Amino acid sequence: QVQLVESGGGLVQAGGSLRLSCAASGLPFSSRTMGWFRQAPGKERAFVATISWSGGYTLLADSVKGRFTISRDNAKNTVYLLMNSLKPEDTAVYYCAGRRTNAGLQSAKEYYDYWGQGTQVTVSS
């Protein structure tokens, strides 16, 4: 049974930083593409970032480029999202996602097979 468990969310002031973690179990983590999505109230779940199985390739949404960094530690079965220069519009529930394959980086949520329960990030102005 695949489990993705996010942590690290919370309340932060605009301009601040948070690091989200996602601990994975039940899948061959080191050979799987992983990603982060977010969903704000009343909006669709949106792509944030994805990372290849090796960590050598990443793709980020335009809205977070230059501020967010995705990384992974395959020895710990964990993927991270470091969020700097946070803005109120970054407020959302952030979800970790995993794929059954390592076939390339995808931003569409339909390509992801496994999802965590989400962690709330709130950025105050």
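Residues numbered from 1 in each chain as written. Predicted model: local features only at pLDDT ≥ 70, side-chain atom pairs only at ≥ 80, totals over all residues. Heavy atoms only, no water.

> Describe the overall build of the chain, listing the residues and the values that go with them.
Looking only at helices and strands, the chain features zero helices and eleven strands. Secondary structure elements of the chain, listed N to C terminal, follow the sequence β-β-β-β-β-β-β-β-β-β-β. For the chain, the C-alpha radius of gyration of 13 Å lies close to 14 Å, the compact-globule estimate for 125 residues. Overall, the chain is about 40 × 25 × 25 Å in size when its C-alpha atoms are taken along their principal axes. Expressed as a percentage of the 125 residues in the chain, the buried residues total 41%. Relative to all contacts within the chain whose residues are 6 or more apart in sequence, the contacts with residues 24 or more apart total 59%. If you average the places of the 13 positive and of the 8 negative side-chain charges in the chain, the two averages end up 4 Å apart. (Helix = DSSP H or I, 4+ residues; strand = E, 2+ residues; numbered from the N terminus. Rg over C-alpha atoms; globule rule 2.2 N^0.38 Å. Buried < 20%, exposed > 50% of the residue type's maximum accessible area, 1.4 Å probe, protein only. Contact = heavy atoms within 4.5 Å. Lys, Arg positive; Asp, Glu negative; His and termini not counted. Charge placed at Lys NZ, Arg CZ, Asp CG, Glu CD.)

> Let's hear about the pairing of strand β1 (residues 3-7): which residues, and what values?
Residues of β1 alternate between two faces, with L4 and E6 buried on one and Q3, V5 and S7 left unburied on the opposite face. Here β1 runs beside strand β3 (residues 18-25); their pairing, made up of five bridges, is antiparallel. Bridge pairing links V5 to A23 in β3. (Pairing = 2+ DSSP bridges.)

> An account of the nonpolar core is needed here, citing residue identities and associated values.
Counting 31 residues, the largest nonpolar core has W36, V48, F68, V79, L81, M83 and Y94 as its most contacted members. Looking at this core, the elements that each hand over two or more residues are β3, β4 (34-39), β5 (46-51), β7 (68-73), β8 (78-83), β9 (92-98) and β11 (119-124). For Y94, the residues in contact, after removing those within four places along its chain, are E6, L20, W36, F37, R38, V48, F68, L81, M83, G118, T119 and V121. (Core = buried A, V, L, I, M, F, W, Y, C linked by side-chain atoms within 4.5 Å.)

> Pulling in residues and values, what's your account of the side chain of R38?
Counting through the fold element by element, R38 comes out in strand β4. Relative accessible area serves as the criterion here: at 13%, R38 is assigned to the buried category. In terms of polar contacts, R38 uses its side chain to reach the side chain of D90, at 2.9 Å. At 2.9 Å, the side chain of R38 forms a polar contact with the side chain of Y94. Ignoring any residue separated from it by four or fewer positions in sequence, one finds R38 in contact with E44, R45, A46, V48, S63, V64, F68, E89, D90, A92, V93 and Y94. (Polar contact = N/O pair within 3.5 Å; in protein donor to acceptor, adjacent residues only side chain to side chain.)

> So, the packing of aromatic side chains: which residues are in play, and what are the values?
Going through the model one piece at a time under the given rule, you end up with four aromatic pairs. Centroid distance F37 to F47: 5.7 Å. Interplanar angle 75°. Geometry classified as edge-to-face. Of this pair, F37 sits in strand β4 while F47 is found in strand β5, placing the two residues ten residues apart along the sequence. Take F37: its relative accessible area is 1%, and that puts it in the buried class. Among the residues examined, F47 registers a relative accessible area of 15% and is labelled buried. Grouped by ring-pair contacts, the aromatic residues F37, F47, Y112 and W115 constitute a single cluster. Taking NZ or CZ as reference, R45 lies 3.6 Å from the ring centre of Y95, over its face. (Phe/Tyr/Trp six-rings, centres within 6.5 Å; stacked < 30°, edge-to-face > 60°. Lys NZ or Arg CZ within 6 Å of the ring centre and 35° of its normal.)

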